[in-house]
Amino acid sequence: MSVIQVHDKKFQPYINAVELQQRIRELAAEISKDLQGERPLFIAILNGSFMFAADVFKYLTIEAEISFIKLVSYKGTKSTGNVVTSIGLDEDLYGRTVVILEDIVDTGKTLSQFLPQLEHQQPKKLVIAALLTKPEALQYKIPIDYLGFSVPNKFLLGYGLDYDGLGRNLPEIYQLVE
Ligand code: HPA
Ligand code: MG
């Protein structure tokens, strides 16, 4: 692994593929232990979480379902502010144990708007698994139940995370060289 260029910016190696897989195995083991017998529904938030979701799901040792959604933010009225809606959530969450899969919780804004919509469906339990979070960037309190890595407030790339559309395919995570 060495410095790479994507579009106009340079990125340096930050978390290698072995570390990533090891941490994700640990998270999957923890989730499997905690949610044994609950047949949880995993909801992966696209686009960024596709790799994380695939790996977590692969390492689970319990029965589970998975569904993929996209969150779309659009401008509401003056009184509603920005509105977040989901595309692709067909499952009824009533009484279910639900695990949200996020690649990164950055400001937390989108999730803070979306979580109440899920709660509204009255799941039995709603937990969040996030690969990454940036504590310095957080503006909304998001309860992350399963966290991969806490990282500094610097732009990251790879393993699902993009810079203007590119870099999602990298099997490791890179950090912007400033
Ligand atoms: N990289 C890519 N996408 C993101 C990031 C990041 O650091 N934070 C939120 N979305
Ligand atoms: Mg992006």
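Just above sits the structure.
Just so you know, these numbers come straight off a predicted model, no measurement behind them.

Chemist: Now, about unusual backbone geometry: what can you tell me, with residues and values included?
Modeler: Peptide bonds are trans in most cases, and residues, glycine excluded, mostly fall at negative phi. Omega for the bond connecting Leu-46 with Asn-47 falls within 30 degrees of zero, at 0°, which places this linkage in the cis form. On the secondary structure map, Asn-47 appears in the loop between strand S3 (41-46) and helix H2 (50-59). Positive phi, close to 45°, is recorded for Arg-39, a residue that is not glycine. Here Arg-39 lies in the loop between helix H1 (17-34) and S3. In the Ramachandran plot, Tyr-159 falls in the positive-phi region, its phi being about 50° despite a non-glycine side chain. Its location among the elements puts Tyr-159 in the loop between strand S9 (156-157) and strand S10 (173-176). Classification of Tyr-159 as buried rests on a relative accessible area of 2%.

Chemist: An account of the pairing of strand S5 (residues 82-87) is needed here, citing residue identities and associated values.
Modeler: Bridge analysis of strand S4 (residues 65-75) against S5 gives six bridges, and the strand direction is antiparallel. Note on S5: the bridge partner recorded for Lys-70 is Ile-87. If you look at the hairpin formed by S4 and S5, you'll find six residues sitting between the two strands, and Gly-81 has a positive phi there, around 65°.

Chemist: Could you give an account of the packing of aromatic side chains, naming the residues involved and the relevant values?
Modeler: Taken as a whole, this structure holds four aromatic pairs when the rule is applied. Measuring from centroid to centroid gives 6.3 Å for Phe-11 and Phe-155, while their planes differ by 50°, and the two rings are tilted. Of the two residues, Phe-11 sits in strand S2 (residues 9-15) while Phe-155 sits in the loop between strand S8 (146-150) and S9, which places them 144 residues apart along the sequence. With a relative accessible area of 0%, Phe-11 lands in the buried category. Look at Phe-155 and you get partly exposed, because its relative accessible area is 36%. Linked through ring pairs, Phe-11, Phe-155 and Tyr-163 together constitute an aromatic cluster. When the ring centre of Tyr-59 is taken as reference, the NZ or CZ atom of Lys-58 above it lies at 5.9 Å.

Chemist: Please set out the sheet that holds S2 residue by residue, giving values where relevant.
Modeler: The strand order S1-S2-S10-S9 describes an open sheet built from four strands, whose pairing is antiparallel. Both edges of this open sheet fall to strand S1 (4-6) and S9, since each of them pairs with a single strand only. Note: S1 against S2, three bridges, orientation antiparallel. Looking at the pairing, Ile-4 lines up with Phe-11 of S2.

What counts and what doesn't
Residues numbered from 1 in each chain as written. Chains lettered and ligands numbered in written order. Predicted model: local features only at pLDDT ≥ 70, side-chain atom pairs only at ≥ 80, totals over all residues. Heavy atoms only, no water. Helix = DSSP H or I, 4+ residues; strand = E, 2+ residues; numbered from the N terminus. Buried < 20%, exposed > 50% of the residue type's maximum accessible area, 1.4 Å probe, protein only. Pairing = 2+ DSSP bridges. Phe/Tyr/Trp six-rings, centres within 6.5 Å; stacked < 30°, edge-to-face > 60°. Lys NZ or Arg CZ within 6 Å of the ring centre and 35° of its normal.

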